[in-house]
Amino acid sequence: MSSNPRVVRRFVAGVTFLLVAALPAVVMAQAESGAAAITGTMLDPDGKPIAGAAVVVRNTRTGYNRALVTDGTGHFNAAAMPVGSYTVDGQAPGFATVHEEGLVLKVGQTETVTLRMSLAPVTEQVTVTAEATRLDASNAAAGTSINLKAIADLPIRGRNFTEFAQLTPAIVQESDRSGLVIFGQRSINSNVSIDGIDFNDSLQGNQRGGNEAVFFFPQAGVQEFQVVRSGAGAEIGRTSAGFVNVVTKSGTNTPHGEAFYFNRNKSLTSADAFDQKLNNQQNQFGGSIGGALVPDKTFLFLAGEQNFLRVPFVVKFQDQAAAVVVPAAFKALEGEQHGTNNPTALFGRLDMHVTPGQTLNLQYTYSRLRGENFNFDSPQQDTAASANYTRKNRSNGIKAGLVSVLSSRIVNEARLQAATDNRDEQPNVLTPQIVITGFGTIGGDRDRPRVFNSTRYEATDNLSIVTGLHQVRVGFDFNANQQEQRRESNILGRYDYKSLADYVAGKINRYRQTVPGFDPNDLLYRGTQRELGVFAQDQMTLGRDVTLTAGLRWDGQWNPQPTRPNPAISYTAAIPNDLNMWQPRLGLAWNANGAGRTVVHLSAGLYDARTPGNLFQRVFTDNGITTVAVDSKTDPSVIALVQNGSGLTSAPAGLTVAAPRIFGFDPSFSNPRSVQLAGSIDQQLAQGLVLAVGYIHQATSNLQRRLDRNLFPPTIDATGMPIYPTVRPNPAIGVLSINESTANARYNALTLTATHRTSHTQLQVNYTLAGNKDDDSNERNFSREVTLNVFDPEAEYTWSKQDVRHSVNASGVLNLPGSWTLGAILMARLGMPYTAVIGFDTQNDGNDDNDRAIISDRVSDRNAFRQPSFFNLDLRLVKQLSFSGRRLDLVAEVFNATRASNKHYGNDSISAFGTA
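All of these numbers come straight from a predicted model, not from anything done at the bench. (Residues numbered from 1 in each chain as written. Predicted model: local features only at pLDDT ≥ 70, side-chain atom pairs only at ≥ 80, totals over all residues. Heavy atoms only, no water.)

> Explain the pattern of salt bridges to me, please; I cannot follow it from the model alone.
Side chains carrying opposite charge are able to pair once their charged atoms draw close together. With the rule as written, the count across this model stands at 43 salt bridges. The shortest N-O distance in the salt bridge between Arg610 and Asp198 comes to 3.0 Å. Pair noted here: Arg610 is in the loop between strand E34 (598-608) and helix H5 (617-621) and Asp198 is in strand E13 (residues 197-198), with a separation of 412 residues, a long-range link. Both residues of the pair, Arg610 and Asp198, count as buried. Arg706 is the salt-bridge partner of Glu785, the closest N and O atoms lying 3.6 Å from each other. One end of the pair, Glu785, is in the loop between strand E42 (761-774) and strand E43 (798-799); the other, Arg706, is in strand E38 (residues 689-708), and 79 residues separate them in sequence. What makes Glu785 buried here is its relative accessible area of 6%. Shared partners join several salt bridges into a network, and the residues in it are Asp198, Arg238, Arg456, Asp477, Glu531, Arg553, Asp555 and Arg610. (Salt bridge = Lys/Arg side-chain N within 4 Å of Asp/Glu carboxyl O. Helix = DSSP H or I, 4+ residues; strand = E, 2+ residues; numbered from the N terminus. Buried < 20%, exposed > 50% of the residue type's maximum accessible area, 1.4 Å probe, protein only.)

> Can you help me understand the side chain of Thr514 in this one?
Take Thr514: it is sitting in strand E30 (residues 510-516). Among the polar contacts listed, one links the side chain of Thr514 to the backbone oxygen of Ser489, at a separation of 2.9 Å. Beyond its immediate sequence surroundings of up to four residues, Thr514 is in contact with Glu488, Ser489, Asn490, Ile491, Thr627 and Val628. (Polar contact = N/O pair within 3.5 Å; in protein donor to acceptor, adjacent residues only side chain to side chain. Contact = heavy atoms within 4.5 Å.)

> I tried to follow unusual backbone geometry on my own but got confused; where do I start?
Keep in mind that most residues, glycine aside, have a negative phi and that most peptide bonds are trans. For the bond running from Arg448 to Pro449, omega is 20°, close enough to zero to count as cis. Here Pro449 lies in the loop between strand E26 (440-443) and strand E27 (450-467). A positive phi angle, near 60°, is found at Arg238, a position not held by glycine. Along the polypeptide, Arg238 turns up in the loop between strand E14 (222-230) and strand E15 (243-248). For Arg238, a relative accessible area of 7% corresponds to the buried category.

> Looking at this structure, I do not really get the sheet that holds strand E46 (residues 833-837). What am I missing?
Hydrogen bonding along the main chain pairs the strands of a sheet, whether they run parallel or antiparallel. In space, the three strands of this open sheet follow the order E49-E46-E52, with mixed pairing throughout. Each edge of the open sheet carries a strand with a single partner, namely strand E49 (865-866) and strand E52 (910-912). When E46 meets E49, the two strands line up antiparallel, connected through two bridges. Note that in E49 the partner of Pro833 across the bridge is Arg866. (Pairing = 2+ DSSP bridges.)

> Any chance you could explain the side chain of Ser811 here in plain terms?
Note on placement: Ser811 falls in strand E44 (residues 806-816). For Ser811, a relative accessible area of 9% puts it in the buried group. Those residues in contact with Ser811, other than ones at most four positions away along the chain, are Leu154, Leu167, Gln762, Leu763, Gln764, Ala824 and Ile825.

> Looking at this structure, I do not really get the environment of Asn593. What am I missing?
Mapped onto the fold, Asn593 is located in the loop between strand E33 (578-591) and E34. We classify Asn593 as partly exposed; its relative accessible area is 42%. Taking the C-alpha atoms as reference, Asn593 lies 8.2 Å from Asp545; in sequence the two are 48 residues apart.

Here is the structure:
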């Protein structure tokens, strides 16, 4: 914790305020921790509340039940309920027992019921069937739930459950990685939770596993999940983007299970976007089993999946002039290659009703991955397979949760987690990389080996108390993330040749390599990042039709501190903590007609995101003394030392080395903060048919960017290009890359959602009209610095690289006659922006990522061009065969049924302009 007395006093005072303010109030389950809730009222025939009546809520599959008593206003509430199907029984002296069945609790939602009693002998029972479609009339948050039928019957490539999040409005996948962009925010600032515990990658951001298209949790273990786009309550923190809330399956009194096998081979794969018929193969299998070890008391569920994926790509070097002879050894490197993506995922869950008031949940997750030639993002590339790498992942996680019903009005939820996420990336060959301009890349991978290891320890506790018209929730969550990361540019060395002819002649144009300054172990970043969140929230019933939610959250992030700072550069001495993340939240839900068919949701709040550990490494390992940059551009004599094709192990004595590139943090750096205003109207047009219209505005500040702070102001040439003086303010160093929290973004979106659900049909269509602007679109960039003029970064304000003006997605499952089922997913959106660059330094700043193309005698703007539009249609046809109480499904899936090319330009939305 900071030693600043003022900060400490503010922290203690704030936490004390939260706790004291919460104690006299009381709490209900907002259910955003991976569960659901029921609230209701018991009324007599005249519509008057019945106090002191008995209510029993029972899960029809596990027998779990909660006994409640109505208060003086006739209200009852069941907090922290597992998702599933329930019955509700109400009893009061002098009235017939009411039995309501068919009530389905969904993750993150609160179901509202009204038990209308009738005068009759106590032996009589009145049975009521719940409506198939209910609108959540008490929750101000805007979100979408993906239920088990959609998860089971829709075609999803790779069975990665996070792909389902794209079936909701205003959510797309990054144009150049696999992160989820929720309401235009940076994907690294989203938050994924499984059964109320953190499932994020503390180093890279996004879901556990490094933000790649790899599943790290078996889809067979997912019951349902919810995507909260706006209005998340104070229980949710460390995100300025959105919240993905996943609930897993559990065992039930009735044993159940499944097994599956999918196959795709070359004969089932059409030509790719370059009209190449490649050997694309996939075999995926797995299953699940669940049941009761002790009926109504102890349940076990197990799930596992294995994928063997062969992804083809083609190596094709750039065409040469007719007079240039390409060596036969290079021609042999061309042709079809393949990468592999072979993950394994296991999940186990044990639920025990220890006492009538206590339920214990134990979980274990395991995943591993082996991927050869894992860098296969582009189906055609001019990089030889030798310059690729092998990726190995391994992750283990254990979780324990205890739900304690302390009384009919007080519930406590406690959770503990310990999880590892380790990733190792080894180059195919341990030799320097060779880059031949105008031809391609051979040799090794200059940026590997890499290591990404993290261990998360988490503890959370939420207390829910219900009294009168108040339903309050207070709690905390604590994370300690032990991190290790090794990632350096040019660690194995890099040769540059101006042409293929120069390579054949042995004429090296440039050689670069990063070598240790002291100890090779200094290249491995080690640190512990600690996070603490405390919240209090009150959900108040204002009359029968209005629910007001008010909450306050405080988050603190304590960052690791550099172990060997550069004494000459103050920016390398410390990574600032952020202990000022106060986040008030306010929401309102209005049951407009009192019948639950028109519900208005309004919300406003502040949301602070975490800063992932990936940004910390270079302050440890690239501070001007821990590493040395050897460059023949600085000392040409190094070329004679590497003529044999081998790299260096250390900087040779007497060699003049390049002025170091140094990374640091601005002392005022803080975490991203978003001001969010949102509203939506849900209208039930008919039974099973709901139309929702929503609007959201987000203004995000304190976004991370990096700027070179060792430059004199530039002169602006006739094209508008800034040209910096060749002399630097501090000539002893080169680029001084400072992490600053000075970037800003604005997002506005209108969303339309139509949902139709019956016993035979499930259909949802989403349309989003959005505008997304920022002055930096950085997504945890490790090396790139794209700002044109570091003295005027605000001039960069334009369309974000994640700007999608129009997007449509539709998903549906249709039960057809003859036991056939048809599932379909359609996604379409306009193209995202990209920036045209020329690939070499014309500004004298030692940076070629910000040198933009000159078009019509003017330097082009950031993100001035648009990539092609995206269109994808996936289909799934299932024939069900039943026999002896079992079911066999024969499944045919077609992905990208229209063969849309869906090409895009480069990582980080940067594309070379005017070159081959």
